[in-house]
Amino acid sequence: MNAGFTEYVTTRAAWLRKVAYLLCGDWHRADDLVQSAITRLYANWPRASRADNLDGYARRTLVNTFLAEQRTSWWRRVDLRQNDQDPPAPGTDVEQALDLRAALERLPARQRATVVLRYFGDLPVAETARALGCSEGTVKSQTAKAVDALRELLREPIREGRA
(Lines give C-alpha, C1' and ligand atoms only; values in the text may rest on other atoms or scores of the structure.)
Protein backbone atom coordinates (compact mmCIF):
# COMPACT_ATOMS: atom_id res chain seq x y z
CA MET A 1 0.00 0.00 0.00
CA ASN A 2 2.66 2.54 1.00
CA ALA A 3 4.82 2.12 -2.11
CA GLY A 4 1.97 2.92 -4.51
CA PHE A 5 0.81 5.86 -2.43
CA THR A 6 4.33 7.26 -2.07
CA GLU A 7 4.97 6.95 -5.80
CA TYR A 8 1.69 8.65 -6.69
CA VAL A 9 2.17 11.54 -4.26
CA THR A 10 5.80 12.02 -5.31
CA THR A 11 4.90 12.30 -8.99
CA ARG A 12 1.73 14.39 -8.58
CA ALA A 13 2.55 16.71 -5.64
CA ALA A 14 3.58 19.67 -7.82
CA TRP A 15 0.39 19.38 -9.88
CA LEU A 16 -1.77 19.19 -6.73
CA ARG A 17 0.04 22.22 -5.29
CA LYS A 18 -0.61 24.23 -8.45
CA VAL A 19 -4.32 23.37 -8.41
CA ALA A 20 -4.48 24.23 -4.70
CA TYR A 21 -2.79 27.58 -5.35
CA LEU A 22 -5.29 28.44 -8.05
CA LEU A 23 -8.09 27.60 -5.65
CA CYS A 24 -6.85 29.63 -2.69
CA GLY A 25 -4.39 32.18 -4.13
CA ASP A 26 -1.66 31.66 -1.54
CA TRP A 27 1.28 29.26 -1.78
CA HIS A 28 1.46 28.62 1.96
CA ARG A 29 -2.23 27.88 2.21
CA ALA A 30 -1.95 25.73 -0.93
CA ASP A 31 0.70 23.65 0.83
CA ASP A 32 -1.66 23.18 3.78
CA LEU A 33 -4.52 22.20 1.47
CA VAL A 34 -2.34 19.67 -0.34
CA GLN A 35 -1.16 18.22 2.96
CA SER A 36 -4.75 17.82 4.18
CA ALA A 37 -5.84 16.32 0.87
CA ILE A 38 -2.89 13.90 0.84
CA THR A 39 -3.73 12.85 4.38
CA ARG A 40 -7.31 12.12 3.35
CA LEU A 41 -6.08 10.34 0.25
CA TYR A 42 -3.81 8.15 2.38
CA ALA A 43 -6.66 7.29 4.73
CA ASN A 44 -8.72 6.17 1.72
CA TRP A 45 -5.84 4.77 -0.36
CA PRO A 46 -7.26 1.22 -0.74
CA ARG A 47 -10.38 2.69 -2.40
CA ALA A 48 -8.53 5.51 -4.20
CA SER A 49 -5.95 3.18 -5.75
CA ARG A 50 -8.78 1.19 -7.35
CA ALA A 51 -10.35 4.30 -8.91
CA ASP A 52 -10.55 4.44 -12.70
CA ASN A 53 -9.10 7.97 -12.62
CA LEU A 54 -6.73 8.42 -9.68
CA ASP A 55 -5.97 12.03 -10.64
CA GLY A 56 -9.69 12.75 -10.65
CA TYR A 57 -10.06 11.15 -7.23
CA ALA A 58 -7.15 13.19 -5.85
CA ARG A 59 -8.43 16.40 -7.47
CA ARG A 60 -11.89 15.88 -6.01
CA THR A 61 -10.35 15.25 -2.58
CA LEU A 62 -8.38 18.50 -2.91
CA VAL A 63 -11.40 20.53 -4.05
CA ASN A 64 -13.58 19.07 -1.29
CA THR A 65 -10.88 19.94 1.25
CA PHE A 66 -10.79 23.51 -0.07
CA LEU A 67 -14.57 23.89 -0.07
CA ALA A 68 -14.89 22.40 3.43
CA GLU A 69 -12.28 24.85 4.68
CA GLN A 70 -14.17 27.73 3.08
CA ARG A 71 -17.25 26.84 5.11
CA THR A 72 -15.37 27.26 8.37
CA SER A 73 -14.27 30.59 9.73
CA TRP A 74 -10.76 29.40 10.66
CA TRP A 75 -9.16 30.41 7.37
CA ARG A 76 -10.61 33.93 7.69
CA ARG A 77 -9.28 34.41 11.21
CA VAL A 78 -5.81 33.00 10.66
CA ASP A 79 -3.72 34.67 7.97
CA LEU A 80 -0.40 32.87 7.67
CA ARG A 81 0.75 34.92 4.69
CA GLN A 82 3.76 37.17 5.04
CA ASN A 83 4.11 40.58 3.48
CA ASP A 84 6.74 39.30 1.07
CA GLN A 85 4.63 37.04 -1.14
CA ASP A 86 6.38 34.51 -3.34
CA PRO A 87 7.49 36.26 -6.51
CA PRO A 88 5.60 35.30 -9.65
CA ALA A 89 7.22 32.79 -11.95
CA PRO A 90 8.54 34.34 -15.15
CA GLY A 91 6.04 34.19 -17.95
CA THR A 92 4.89 35.96 -21.02
CA ASP A 93 2.83 38.59 -19.18
CA VAL A 94 3.41 38.62 -15.44
CA GLU A 95 1.14 41.63 -14.82
CA GLN A 96 -1.76 40.01 -16.61
CA ALA A 97 -1.25 36.77 -14.68
CA LEU A 98 -1.17 38.67 -11.39
CA ASP A 99 -4.36 40.54 -12.32
CA LEU A 100 -6.09 37.27 -13.16
CA ARG A 101 -4.96 35.66 -9.89
CA ALA A 102 -6.18 38.68 -7.93
CA ALA A 103 -9.53 38.51 -9.72
CA LEU A 104 -9.76 34.75 -9.07
CA GLU A 105 -9.25 35.38 -5.35
CA ARG A 106 -12.29 37.67 -5.33
CA LEU A 107 -14.63 35.00 -6.69
CA PRO A 108 -16.74 32.94 -4.27
CA ALA A 109 -15.12 29.59 -3.48
CA ARG A 110 -17.52 27.48 -5.56
CA GLN A 111 -17.13 29.68 -8.64
CA ARG A 112 -13.36 29.72 -8.23
CA ALA A 113 -13.29 25.93 -7.99
CA THR A 114 -15.44 25.65 -11.11
CA VAL A 115 -13.21 27.98 -13.13
CA VAL A 116 -10.01 26.24 -11.99
CA LEU A 117 -11.36 22.80 -12.87
CA ARG A 118 -12.85 23.86 -16.21
CA TYR A 119 -10.07 26.07 -17.55
CA PHE A 120 -6.87 25.14 -15.70
CA GLY A 121 -7.77 21.49 -15.21
CA ASP A 122 -9.30 21.44 -18.71
CA LEU A 123 -12.17 19.25 -17.53
CA PRO A 124 -15.42 18.94 -19.45
CA VAL A 125 -18.65 19.95 -17.73
CA ALA A 126 -19.57 16.37 -16.76
CA GLU A 127 -16.22 15.69 -15.05
CA THR A 128 -16.31 19.05 -13.28
CA ALA A 129 -19.79 18.22 -12.00
CA ARG A 130 -18.54 14.87 -10.67
CA ALA A 131 -15.52 16.52 -9.03
CA LEU A 132 -17.71 19.10 -7.31
CA GLY A 133 -20.57 16.73 -6.54
CA CYS A 134 -23.19 18.83 -8.31
CA SER A 135 -25.24 18.82 -11.50
CA GLU A 136 -23.93 19.78 -14.93
CA GLY A 137 -26.38 22.70 -14.97
CA THR A 138 -24.84 24.02 -11.76
CA VAL A 139 -21.37 23.83 -13.30
CA LYS A 140 -22.58 25.75 -16.36
CA SER A 141 -24.28 28.46 -14.32
CA GLN A 142 -21.36 28.78 -11.86
CA THR A 143 -18.93 29.00 -14.78
CA ALA A 144 -21.01 31.66 -16.53
CA LYS A 145 -21.31 33.72 -13.33
CA ALA A 146 -17.59 33.37 -12.65
CA VAL A 147 -16.59 34.38 -16.18
CA ASP A 148 -18.93 37.39 -16.02
CA ALA A 149 -17.46 38.39 -12.66
CA LEU A 150 -13.90 37.98 -13.98
CA ARG A 151 -14.73 40.09 -17.02
CA GLU A 152 -16.09 42.80 -14.75
CA LEU A 153 -13.10 42.60 -12.42
CA LEU A 154 -10.60 42.71 -15.26
CA ARG A 155 -12.65 45.11 -17.39
CA GLU A 156 -11.59 43.40 -20.60
CA PRO A 157 -12.66 40.21 -22.37
CA ILE A 158 -11.42 36.89 -21.10
CA ARG A 159 -10.83 34.28 -23.75
CA GLU A 160 -13.02 31.30 -23.03
CA GLY A 161 -11.66 27.87 -23.86
CA ARG A 162 -15.10 26.44 -24.39
CA ALA A 163 -18.69 27.03 -23.39
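Owing to the predicted nature of the structure, the values given are computational and were not obtained by experimental measurement. (Residues numbered from 1 in each chain as written. Predicted model: local features only at pLDDT ≥ 70, side-chain atom pairs only at ≥ 80, totals over all residues. Heavy atoms only, no water.)

Draft legend 1. Examining the overall build of the protein chain more closely. The helix and strand inventory of the protein chain stands at nine helices and zero strands. Shown N-terminal to C-terminal, the secondary structure of the protein chain runs as helices and strands in the order α-α-α-α-α-α-α-α-α. Each of the 163 residues in the protein chain was classed as buried or not, and the buried ones make up 36%. A total accessible area of about 9800 Å² is found for the protein chain, and carbon and sulfur atoms account for 50% of it. (Helix = DSSP H or I, 4+ residues; strand = E, 2+ residues; numbered from the N terminus. Buried < 20%, exposed > 50% of the residue type's maximum accessible area, 1.4 Å probe, protein only. Areas by Shrake-Rupley, 256 points an atom, 1.4 Å probe, with all protein chains shown as cover.)

Draft legend 2. Structural detail: the confidence of the model for the protein chain. Averaged over all residues, the pLDDT of the protein chain equals 83, while 81% of them reach at least 70. Mean pLDDT across the elements of the protein chain bottoms out in helix 5 (residues 74-77) (55) and peaks in helix 2 (residues 27-43) (93). (pLDDT = per-residue confidence, 0-100.)

Draft legend 3. View of the pattern of salt bridges. In total, this model carries six salt bridges according to the counting rule given. Glu 127 serves as the salt-bridge partner of Arg 59, at 3.9 Å between the closest nitrogen and oxygen. With Arg 59 in helix 4 (residues 54-71) and Glu 127 in helix 8 (residues 125-132), the pair connects residues that are 68 residues apart, well separated along the chain. Here Glu 127 falls in the partly exposed class, since its relative accessible area comes to 27%. Put simply, Asp 148 and Arg 151 hold a salt bridge, and the shortest N to O gap is 3.6 Å. Of this pair, Asp 148 and Arg 151 both sit in helix 9 (residues 136-154), three residues apart, which is roughly one turn of that helix. Taking the relative accessible area as the measure of exposure, Asp 148 reaches 46% and is therefore partly exposed. (Salt bridge = Lys/Arg side-chain N within 4 Å of Asp/Glu carboxyl O.)

Draft legend 4. Structural context of the side chain of Thr 61. Checked against the element boundaries, Thr 61 lands in helix 4. The exposure class assigned to Thr 61 is buried, which follows from its relative accessible area of 13%. At 2.9 Å, the side chain of Thr 61 forms a polar contact with the backbone oxygen of Tyr 57. (Polar contact = N/O pair within 3.5 Å; in protein donor to acceptor, adjacent residues only side chain to side chain.)

Draft legend 5. Looking closely at the packing of aromatic side chains. Summed over all chains, the structure comprises four aromatic pairs. A centroid spacing of 4.9 Å and a plane angle of 70 degrees characterise the contact between Phe 5 and Tyr 42, whose relative ring orientation is edge-to-face. Remark: Tyr 42 occurs in helix 2 and Phe 5 occurs in helix 1 (residues 2-24); sequence separation between them is 37 residues. Judged by relative accessible area, which is 10%, Phe 5 ranks as buried. Since its relative accessible area comes to 36%, Tyr 42 is described here as partly exposed. Seen in terms of ring centroids, Tyr 8 and Trp 45 are 6.1 Å apart; in terms of plane orientation they differ by 40 degrees. Their pairing is tilted. Of the two residues, Tyr 8 is situated in helix 1 and Trp 45 in helix 3 (residues 45-48); the sequence distance between them amounts to 37 residues. Note on Tyr 8: relative accessible area 9%, which makes it buried. (Phe/Tyr/Trp six-rings, centres within 6.5 Å; stacked < 30°, edge-to-face > 60°.)

Draft legend 6. Local environment of helix 4. Helix length check: helix 4, at 18 residues, gives a terminal C-alpha distance of 26 Å against a target of 26 Å (1.5 Å per residue), a fit within 8%. If you check which residues of helix 4 are buried, you get Leu 54, Gly 56, Ala 58, Arg 59, Thr 61, Leu 62, Val 63, Thr 65, Phe 66, Leu 67, Glu 69 and Gln 70. With a side-chain oxygen positioned 3.3 Å from the backbone nitrogen of Asp 55, the residue opening helix 4 is Asn 53. (Expected span 1.5 Å × (residues − 1).)

Draft legend 7. Seen up close, the environment of Ala 131. Relative to the helices and strands, Ala 131 is located in helix 8. Between the alpha carbons of Ala 131 and Val 63 there is a distance of 7.6 Å; along the sequence they are 68 residues apart. Once you skip the residues sitting within four places of it in the chain, Ala 131 turns out to touch Arg 60, Asn 64 and Leu 117. (Contact = heavy atoms within 4.5 Å.)

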